[in-house]
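Architecture and fold: a report
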Amino acid sequence: MNAYATHVPVLEAVLEVVKPSSVVEFGSGTYSTEIFAKQCARLVTVEQQEKVWFDTVCKRYAGIETVEPLWLPGMAAVEWFASNDEIFDVVFVDGETISRRPLVLEGMKKSGIVIAHDTEHGVYNLSNLPVLAGWGEYVYRAHSPWTTVWSASSEVLAAVVGKLEE
Ligand SMILES: C[S@@+](CC[C@H](N)C(=O)[O-])C[C@H]1O[C@@H](n2cnc3c(N)ncnc32)[C@H](O)[C@@H]1O
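A brief look at the structure comes next.

The rules we used
Within any chain, residue numbers begin from 1 and follow the written order of that chain's sequence. It should be noted that, the model being predicted, local features are given only for residues of pLDDT at least 70 and side-chain atom pairs only at 80 or more, the latter also being counted only at that level, while totals for whole chains, interfaces and linings use all residues. In this description a helix means any DSSP run of H or I spanning at least four residues, a strand means any run of E spanning at least two, and both kinds are numbered starting from the N terminus. Atoms counted for the radius of gyration: C-alpha only. Globule rule: 2.2 Å times the number of residues to the power 0.38. Burial is judged by counting other C-beta atoms within 10 Å of a residue's own C-beta: 20 or more means buried, 12 or fewer means exposed, and anything between counts as partly exposed, with every C-beta placed from the backbone. To decide nearness, the C-beta atom of each residue is placed from the backbone, and the residue is near a molecule or strand if that atom lies within 6 Å of it. Residues are sorted three ways: Asp, Glu, Lys and Arg are charged, Ala, Val, Leu, Ile, Met, Phe, Trp, Tyr, Cys and Pro are nonpolar, and all the rest, Gly among them, are polar. Here a strand pair is declared whenever DSSP counts at least two bridges between the two strands. Crossover handedness is defined by viewing with both strands directed away from the observer: a clockwise path from the first strand over the helix to the second marks the crossover as right-handed. All axes are obtained by fitting lines to C-alpha atoms, using only the stretch in contact for helices, and the reported angles, taken between N-to-C directions, cover 0 to 180 degrees. Angles are sorted into four bins: roughly parallel if under 35 degrees, roughly antiparallel if over 145, roughly perpendicular if 65 to 115, and oblique for all others. Crossings are assigned a handedness: left-handed for a near helix turned anticlockwise from the far helix by less than a right angle, right-handed for a clockwise turn. For every residue pair, C-beta atoms are placed from the backbone, and the pair is scored as a contact if these atoms sit within 7 Å. The arc in question is the one traced by the directions running from the helix axis out to the C-beta atoms.

**Topic: the overall build of the protein chain**
For the protein chain, the count of helices and strands is six helices and seven strands. Counting from the amino terminus, helix and strand elements in the protein chain follow one another as α-β-α-β-α-β-α-β-α-β-β-β-α. Taken over C-alpha atoms, the radius of gyration comes to 15 Å for the protein chain, in line with the 15 Å a tight globule of 166 residues would show. Taking the principal axes of the C-alpha coordinates as reference, the protein chain spans close to 35 × 30 × 30 Å. Looking at the protein chain as a whole, 39% of its 166 residues are labelled buried.

What follows is the structure, given as structure tokens:
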């Protein structure tokens, strides 16, 4: 499988189980962004790394009111997320390296389900997270780089795992 797309089975399983209306993703691209844009009533897609790519994403979704691209370079995305009171059905983290850990932790305050890509790579510092009481974690290792799902609902997590392992 294409290393840039190993999170796709996880996103599809979560979409099938959760049927989210609102999603925020960090790291705009062609895989997750297209999937969420097609299936969700509201997608906030935050680009943190490449302004030229952000402009391309804006053109791609111009006139599509359900997709809101934001340009928040690096840690500006964390500041924005921490100061935003909105709750999202799903948070997906796949953007700038240093910001990934704080975005995942902030995501657990803003959603009941958080997904992050590339989680076996130490550079992203996503192991040993102080996961909140009641939350569960599942690491999808069928394709590398791995993708991790954290959920506040054991039923949701079990259903997602069931889809991925069926
Ligand atoms: C891991 S990628 C994000 C991938 C995205 N979440 C997806 O699933 O398609 C991280 C960064 O790579 C850059 N990127 C992703 N796709 C790109 C493309 N097709 N062209 C140029 N840059 C891209 C963007 O800066 C993006 O934030």
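**Remarks on the site of the ligand**
Close to the ligand lie 14 residues, the nearest being Gly27, Gly29, Tyr31, Ser32 and Gln49. Residue classes in the shell around the ligand are distributed as two nonpolar, nine polar and three charged.

**Some details on the pairing of strand 4 (residues 90-93)**
Regular strands place side chains that alternate from one sheet face to the opposite one. Of the two faces of strand 4, both are covered, the one formed by Val90 and Phe92 as well as the one formed by Val91 and Val93. Two strands pair when backbone bridges link them, and strand 1 (residues 22-26) and strand 4 are joined in this way by four bridges, in the parallel orientation. Counted as the bridge partner of Val23 is Val90 from strand 4. The sheet contact formed by strand 4 and strand 5 (residues 113-117) spans three bridges and is parallel. For Val93, the partnering residue across the bridge sits in strand 5 and is Ala116. In this fold, strand 4 hands off to helix 5 (residues 100-110), which returns the chain to strand 5; that crossover is right-handed.

**Concerning the packing of helix 1 (residues 8-18) against helix 6 (residues 154-165)**
Between helix 1 and helix 6, whose axes approach to 9 Å, the crossing angle comes to 130 degrees. When the axes of helix 1 and helix 6 are compared, the pair comes out oblique. Crossing of helix 1 against helix 6: the hand is right-handed. Contact residues: helix 1 offers Pro9, Val10, Ala13, Val14, Glu16, Val17 and Val18, while helix 6 offers Val156, Ala159, Val160, Lys163 and Leu164. Looking at the contact of helix 1 with helix 6 residue by residue, the classes come out as ten nonpolar, no polar and two charged.

**What to know about unusual backbone geometry**
Cis geometry is adopted by the peptide bond preceding Pro145, which originates at Ser144 and carries an omega value of 0 degrees. Turning to its location among the elements, Pro145 is positioned in the loop between strand 6 (136-140) and strand 7 (147-151). Positive phi, close to 55 degrees, is recorded for Asn125, a residue that is not glycine. Its location among the elements puts Asn125 in the loop between strand 5 and strand 6. For Asn125, a count of 14 C-beta atoms within 10 Å puts it in the partly exposed group.

**Focus on helix 2 (residues 32-39)**
Here helix 2 has its buried residues at Ser32, Thr33, Ile35 and Phe36. Relative to the axis of helix 2, the buried residues are bounded by an arc of 165 degrees and lie together on one face. Those residues of helix 2 hidden inside the fold are in contact with helix 1, strand 1, strand 2 (42-47), helix 3 (51-60) and strand 4.

**Brief notes about the environment of Lys59**
Mapped onto the elements of the fold, Lys59 is located in helix 3. Along the primary structure Lys59 and Pro69 are separated by ten residues, whereas in three dimensions their C-alpha atoms are 9.9 Å apart.

**Observations regarding the sheet that holds strand 5**
Strand order in this open sheet of seven strands is 3-2-1-4-5-7-6, and the pairing throughout is mixed. Looking at which strands have only one partner, the edges of the open sheet turn out to be strand 3 (67-71) and strand 6. Strand-to-strand twist in this sheet, taken as the mean axis angle between neighbours without regard to direction, amounts to 15 degrees. In this structure, strand 5 lies alongside strand 7, joined through five bridges in antiparallel fashion. Paired with His117 across the bridge in strand 7 is Thr147. Across the sheet, helix 5 touches strand 1, strand 4, strand 5 and strand 7, and the angle it forms with strand 4 is around 175 degrees.

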